[in-house]
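What the coordinates show
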Amino acid sequence: MNHTQLRPISVLAVASFLLCANLMAFGQQNVPGFRGVDRKHKAAAPPASPTDPPSPNTDCTLILPRNVLSAQGLATPFQLTATDPANGPCNEANSAQSAFAQAAIYDPATGQIAIYNPLVIDKGTTPAAAPVLPNLPANAVVALWFGYNADNLTLSAESPLTLAEARCVNGLPGSIFSQVSFCNARAFFSAANAAIAEGTLKVPPLGTAKDGLACPTVRDFFVVDQDQSDNLPTLYLITQDGKLAQHTQKNLAAFPNATVLGNASDNHLTDAFLDPALGCQPWTAPDLTDPGQMVPAQLLNELHARMTQGTPVALVPDGDPMAQVSGTDNLLKTNMYRAGVDQPMALSVFDADTSRYCRQMLRIAPSRMFKDQAYLSAYPSPVPSAGTTLFTFMAERFVASYEILNCPSLIQQADPIIVTNDPTTGAANSATLNVTYSEELQNIAGQLSADDAADNAARSRGPVE
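Residues numbered from 1 in each chain as written. Predicted model: local features only at pLDDT ≥ 70, side-chain atom pairs only at ≥ 80, totals over all residues. Heavy atoms only, no water.

Moving on to the nonpolar core. Counting residues in hydrophobic clusters, the biggest one holds 72 residues, and the most contacted among them are Leu 62, Leu 64, Ile 113, Trp 145, Phe 188 and Leu 299. Ala 314, Leu 376, Ala 395 and Ala 428 belong to the second largest nonpolar core, which has 42 residues in total. (Core = buried A, V, L, I, M, F, W, Y, C linked by side-chain atoms within 4.5 Å. Buried < 20%, exposed > 50% of the residue type's maximum accessible area, 1.4 Å probe, protein only.)

Next up on the list: the sheet that holds strand β4 (residues 112-116). With respect to topology, five strands assemble into an open sheet ordered β4-β3-β6-β11-β8, the strand pairing being antiparallel. Each end of this open sheet is capped by a strand with a single partner; those strands are β4 and β8 (168-169). The pairing of β8 with strand β11 (residues 181-183) spans two bridges and is classified as antiparallel. Opposite Cys 168, over in β11, you have Cys 183 as the bridge partner. The sheet strands contacting helix α5 (residues 185-198) are β3 (99-107), β4, β6 (141-148) and β11, and the helix crosses β6 at an angle near 120°. (Pairing = 2+ DSSP bridges. Helix = DSSP H or I, 4+ residues; strand = E, 2+ residues; numbered from the N terminus. Contact = heavy atoms within 4.5 Å. Axes fitted to C-alpha atoms, helices over the stretch in contact; angles between N-to-C directions.)

Here the bond from Thr 311 into Pro 312 is cis, since omega is 0°, no more than 30 degrees from zero. The residue Pro 312 is located in the loop between α8 (298-308) and α9 (331-340) in this model. A positive phi angle, near 55°, is found at Ser 326, a position not held by glycine. One can find Ser 326 in the loop between α8 and α9. Look at Ser 326 and you get exposed, because its relative accessible area is 62%. One non-glycine residue with positive phi stands out, namely Gln 412, at about 60°. With respect to the helices and strands, the residue Gln 412 is situated in the loop between α13 (407-411) and β17 (417-421). In this structure Gln 412 comes out as exposed when scored by relative accessible area, which is 60%.

Moving on to the confidence of the model for the protein chain. Per-residue pLDDT for the protein chain has a mean of 90; in total, 88% of the residues score no lower than 70. When the criterion is pLDDT under 50, residues 1-31 qualifies, and its contacts beyond four places in sequence or with other chains add up to 85 contacts. (pLDDT = per-residue confidence, 0-100.)

Bringing the sheet that holds strand β14 (residues 259-262) into the picture now. Taking strand neighbours across the sheet as the criterion, the three strands line up as β13-β12-β14 in an open arrangement whose pairing is antiparallel. Edge positions in the sheet fall to β13 (244-246) and β14, since each of these pairs with one other strand and no more. The average angle at which neighbouring strand axes cross in this sheet is 40°, direction not considered. Bridging between strand β12 (residues 235-238) and β13 involves three bridges; their strand directions are antiparallel. Paired with Leu 237 across the two strands is Ala 245, which belongs to β13.

Within this structure, the stated rule accounts for four disulfides. The partner cysteine of Cys 215 in its disulfide is Cys 280, sulfur to sulfur 2.0 Å. Taking the torsion about the S-S bond as the criterion, the Cys 215 to Cys 280 disulfide, at about -90°, is left-handed. Of this pair, Cys 215 sits in the loop between α5 and β12 while Cys 280 sits in the loop between α7 (266-277) and β15 (285-286), placing them 65 residues apart in sequence. The buried category is assigned to Cys 215, whose relative accessible area is 3%. The disulfide pattern of the protein chain is 1-2, 3-4, 5-6, 7-8 when the bonded cysteines are numbered in sequence order. (Disulfide = S-S within 2.5 Å.)

A separate point is the pairing of strand β18 (residues 428-433). Two faces make up the sheet, and in a regular strand the side chains alternate between them. Two elements, β17 and β18, share five bridges in a ladder whose sense is antiparallel. Looking at β18, one finds that Ile 417 is bridged to Leu 433. Between β17 and β18, which pair antiparallel and follow one another directly, the connecting turn spans six residues, one of which, Gly 426, has a positive phi of 85°.

To continue, consider α7. When you tally the buried positions in α7, you get eleven out of twelve residues, the bulk of the element. Restricting attention to buried positions, one finds in α7 the residues Asp 266, Asn 267, His 268, Leu 269, Thr 270, Asp 271, Ala 272, Phe 273, Leu 274, Asp 275 and Ala 277.

With that settled, consider the packing of aromatic side chains. With the rule as written, the count across this model stands at eleven aromatic pairs. When the centroid spacing of 5.8 Å and the interplanar angle of 75° are considered together, the rings of Phe 188 and Phe 189 count as edge-to-face. On the basis of relative accessible area, Phe 189 is assigned to the buried category, the value being 3%. An angle of 70° between the planes, with centres 5.2 Å apart, marks the rings of Phe 221 and Tyr 357 as edge-to-face. One end of the pair, Phe 221, is in the loop between α5 and β12; the other, Tyr 357, is in helix α10 (residues 354-371), and 136 residues separate them in sequence. Exposure class is identical for Phe 221 and Tyr 357. Each is buried. (Phe/Tyr/Trp six-rings, centres within 6.5 Å; stacked < 30°, edge-to-face > 60°.)

Below, the structure written as structure tokens:
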């Protein structure tokens, strides 16, 4: 990345099909939001011809309004624009460039959480319908998380003080996280975790999946990829004239032909695909955007995983591309990322070891993926252009993630999943487990006890500060 602007530092299934349809309508061939699969497909793509449509600008800026954590600020549309206009425009309705926002509101009087999804529109435009003004409780602790379907989303604001006042974190100076960022996350998680400890905020039990195992969380090595805990389950509407609106029952009725726009992500994958395929339920909270509705949220997924995920627990490793600086591990940036998703600080490079992360992925993901092949194969793919079913999509995603993290070199064990891609569409249409998988597991068996001790559930609930 080459970012010179300084940034302040303190420290369901149908929707995705519509997302992909919208993507193809714009002539793009990438896999928005799922970076590992996206990179794999781009690497395999033939060179562009002069007649191909230009690739969209993947570096955009999101402009936040004044007093962004207030009710009025949340209800003021956030504006998307090109970071460098010379690279082309940025359009929210183009799902290969879309940015997303999600707010969480903690009520100190009741210890409860509510969700609000601020609207993102193009700079200089108006929404299809005015955003809902949320009713915030007195002394509410409000935080924001952001997601993005392209490469680099930079936070900016109408007022130069807004980002600092809202404690927004976009990464290090000159090295943003890329797809994700957040505002006031530490204060929110501090309040929420205190309420959980006091018993005023009840975390629902994890539950048991159809396969007899615990339901997956976003910290399960079955779920994670090379950059876990990223992006949002937020949904928007694109009207027929290309304008944006919040995804509410009122707007669905007012714009019956609108297209649903979503942020492909670990969170959306878990909430809208893996959970229903395996007979599980995400934690949901009241939606202040659409009163009377209950919705999932990234912060609920993280709180749920923090309290219910059993050993081993997946935490952001220093090999996560979004936590690195110019491709080099950086513990400070890794910890900044972890703080935004309620994960304990890595006190050393050992705590964030990517080799251990690779070993745990190897032990858990292929085994459960093929155990659950029948369930996953019977469920639709989040991105049909990447995998024909949820099973083949998960296989394709694992192969890409294992490669991006450089796992074969780090742990000297080959990727055990063999994916076959359709020669015309490029979508993964079958996957098999290499006969050497059991041998690979045996090769790393001697490190299992130490790996699980480092990734144990109690340690994962350690201090975030």
